[in-house]
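# Structural characterization, general
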Amino acid sequence: MRRPACLVLPLLLAAAIVASGCSSDDDDTDAKKSAPETSASEVGSTSTTSAAPSTPDTQPEGDVVPVPASIDATGEQDVSALLNEFLANVPEHSTVQFPEKGRYRVEDTVIVHDLSDVVIDGQESLFFATTTGTRNRAHWRIELGEDITVRNVEIRGANEDAGVEGEFDPQLEAQHGFDIQGTQHLTIDHVRVTDVWGDFLSIGLGRVGPADGTGPATDHPWARDVTVRASYFRGSGRQGITLDGADGVLIEENDISEVRRSTFDIEPTTPDYGATNVVIRDNTIGTGRLNFFSSGGAAGLVDDITISGNELHDKTLQIIVGAPEGSRRSRFTITDNTSDRPTNQAIIRLIRVDGVTITGNVQPMGGQLQGEAAVRLRESCDVVVTDNDFSDIPQMIDLTPDAPC
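Here the focus is the sheet that holds strand E24 (residues 319-322). Strands sit in the order E5-E7-E9-E12-E15-E18-E21-E24-E28-E31-E33 across an open sheet of 11 strands; the sheet is parallel. Both outer strands of the open sheet, strand E5 (110-113) and strand E33 (396-398), are each paired with one neighbouring strand and no more. Direction of pairing for E24 relative to strand E28 (residues 348-351): parallel, over a ladder of 4 bridges. Paired with Val321 across the strands is Leu350, a residue of E28.

Quick look at the structure:
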């Protein structure tokens, strides 16, 4: 049964709703001295990439459910439990509205569980952690649900040394900014994620089963129809954005830099994981320690991937796709990407990948090339490499020309 947008709810939510139309009486308290001092505009200010995207139109959709003023928005108290109690009772067809530029100290995980047709508008509120936490403490976790939009939210983790020169800690690597688990029709719009031990976003499988996790899962749905748009990401402890159990993902017009490992990563954990129908386009990419795009892992489905129109600054167009022996990956389109950082290594390496188009890309090459061409193939078929600017070096070499297709 669908729940109406304004009804009698537990005290935290009911206190925030008035009968005349769910209006808010939020107060705008200044941050206490004990809260972190770094503002959103200061994070990543030394980067050479573009500034954070502008704030989108925040006109509410549906009935407005304001976050209760009784939940501390000054950063003084840990409000993890209170926020989760509030969010667990949000009705369908509503807009959750945080106070403008609130500060929420969250030492656990903000959980958005199985909501439907809901907009969460952070209004540039900051959600920050000050403690190290456990391995699986994602900052926000969106579990299942459908037709959800999260916008104008800022997340700051507790990894003060995140980024290219920071430490990769496997004991903390799952502390993602956003952990998306099996959600259908999700939009992440104009958010900021900085200083996390894990990925900025991890998008993958959900779990259907007893809510308390005591019984076996009955299903593990992939996340589907997910858009990540016009957002700002700085300082990760692992990857930038990971896809592992995702169908239909659009990642566009984001500003991503200071990534500890690979900027984009699709490495199936098992053959039941993977990603398909993925578009990564028109993003501004800054520094990262490893590849621009990596796809190794187990023999899961990795097909129909488009990487187009991305601008890389101080970052090479390093793309490695390798299917395990006995499996294939297919239908990759890599077009019109540009890098301004010279390299002397092959920039695109394909192993057991079929149906690939590589065209219109710009990658300056410098020094003695290690290898005979910019694109290197092994056991790959139907690969077209044309009209790229690779500083006049050979465009492609097939290291296994006699391999069967």
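Here the focus is the nonpolar core. By size, the foremost hydrophobic cluster in this structure holds 77 residues, and its most contacted members are Leu83, Trp140, Phe178 and Phe293. Per-element accounting of this core gives the leading share, 4 residues, to strand E8 (residues 146-156). Setting aside chain neighbours within four positions, we find Phe293 in contact with Phe264, Ile266, Ile280, Ile305, Ile307, Gln318, Ile319, Ile320, Val321 and Phe332.

If you roll a probe as big as a water molecule over the atoms, it shows you where there is empty space left. By the definition in use, this model includes 1 cavity of 30 Å³ or more. Empty space within the largest cavity amounts to approximately 30 Å³. Val106, Val110, Phe127, Phe128, Ala129, His139 and Trp140 together form the lining of the largest cavity.

Below, the discussion takes up the packing of aromatic side chains. Each aromatic ring pair is summarised here by two numbers: the centre-to-centre distance and the angle between the ring planes. Under the defined criterion, the tally for this structure stands at 8 aromatic pairs. Centroid distance Tyr104 to Phe127: 5.2 Å. Interplanar angle 15°. Geometry classified as stacked. Here Phe127 lies in strand E6 (residues 116-128) and Tyr104 lies in strand E4 (residues 103-105), a separation of 23 residues in the sequence. Residue classification places Tyr104 among the buried residues on the basis of a relative accessible area of 0%. You can call Phe127 buried: its relative accessible area is 3%. Taken together, the ring pairs in this structure connect Phe98, Tyr104, Phe127, Trp140 and Phe178 into an aromatic cluster. Over the face of the ring belonging to Tyr232 we find Arg192, whose NZ or CZ atom lies 4.1 Å from the ring centre. Across the ring face of Phe168, the terminal group of Arg261 is positioned such that the distance to the ring centre comes to 4.6 Å.

What follows deals with the environment of Pro66. The residue Pro66 is located in strand E1 (residues 63-66) in this model. For Pro66, a relative accessible area of 1% translates into the label buried. As for Pro66 and Thr95, which are separated by 29 residues in sequence, their C-alpha atoms are 8.1 Å apart.

Secondary-structure assignment places Thr227 in strand E13 (residues 223-229). Among the residues examined, Thr227 registers a relative accessible area of 10% and is labelled buried. Residues Thr227 and Val249 lie 22 residues apart in sequence; the distance between their C-alpha atoms is 5.8 Å. Contacts of Thr227, omitting those with residues within four sequence positions, involve Leu186, Thr187, Ile188 and Leu250.

Let's shift gears to helix H2 (residues 80-87). All of the buried residues in H2 are Ser80, Leu83, Asn84, Phe86 and Leu87. Angularly, the buried residues of H2 cover 160° about the axis, an arc narrow enough to put them on a single face.

Pairing between side chains of opposite charge can happen when the charged atoms of each approach one another. For the structure shown, the criterion picks out 17 salt bridges. Here Arg234 and Asp255 are joined by a salt bridge, their closest N and O atoms 3.1 Å apart. A residue pair is termed long-range when its members are at least 10 positions apart, and Arg234 in strand E14 (residues 232-234) and Asp255 in strand E17 (residues 255-257) qualify at 21 residues. Note on accessibility: Arg234 and Asp255 belong to one class, buried. Its salt-bridge partner being Arg331, residue Asp303 comes within 3.7 Å of it at the nearest N-O pair. Of the two residues, Asp303 sits in strand E22 (residues 301-308) while Arg331 sits in strand E25 (residues 329-335), which places them 28 residues apart along the sequence. Through salt bridges that share partners, Arg135, Glu173, Asp199 and Arg238 make up one connected network.

Attention now goes to the pairing of E13. Along any regular strand the residues' side chains alternate between the sheet's two faces. Bridging between strand E10 (residues 184-189) and E13 involves 5 bridges; their strand directions are parallel. Its bridge partner being in E13, Leu186 is matched across the sheet by Val226. Strand direction decides the pairing type here: E13 and strand E16 (residues 246-252), joined by 6 bridges, are parallel. Across the sheet, the residue bridging to Val228 is Ile251, located in E16.

How each quantity is defined
- Residues numbered from 1 in each chain as written.
- Predicted model: local features only at pLDDT ≥ 70, side-chain atom pairs only at ≥ 80, totals over all residues.
- Heavy atoms only, no water.
- Pairing = 2+ DSSP bridges.
- Helix = DSSP H or I, 4+ residues; strand = E, 2+ residues; numbered from the N terminus.
- Core = buried A, V, L, I, M, F, W, Y, C linked by side-chain atoms within 4.5 Å.
- Buried < 20%, exposed > 50% of the residue type's maximum accessible area, 1.4 Å probe, protein only.
- Contact = heavy atoms within 4.5 Å.
- 1 Å grid on protein atoms, 1.4 Å probe; cavity = no way out; pocket = protein on both sides within 12 Å on 5 of 7 lines; lining within 4 Å.
- Points joined across faces, edges and corners; volume = space filled by probe spheres on them.
- Phe/Tyr/Trp six-rings, centres within 6.5 Å; stacked < 30°, edge-to-face > 60°.
- Lys NZ or Arg CZ within 6 Å of the ring centre and 35° of its normal.
- Arc of directions from axis to C-beta.
- Salt bridge = Lys/Arg side-chain N within 4 Å of Asp/Glu carboxyl O.

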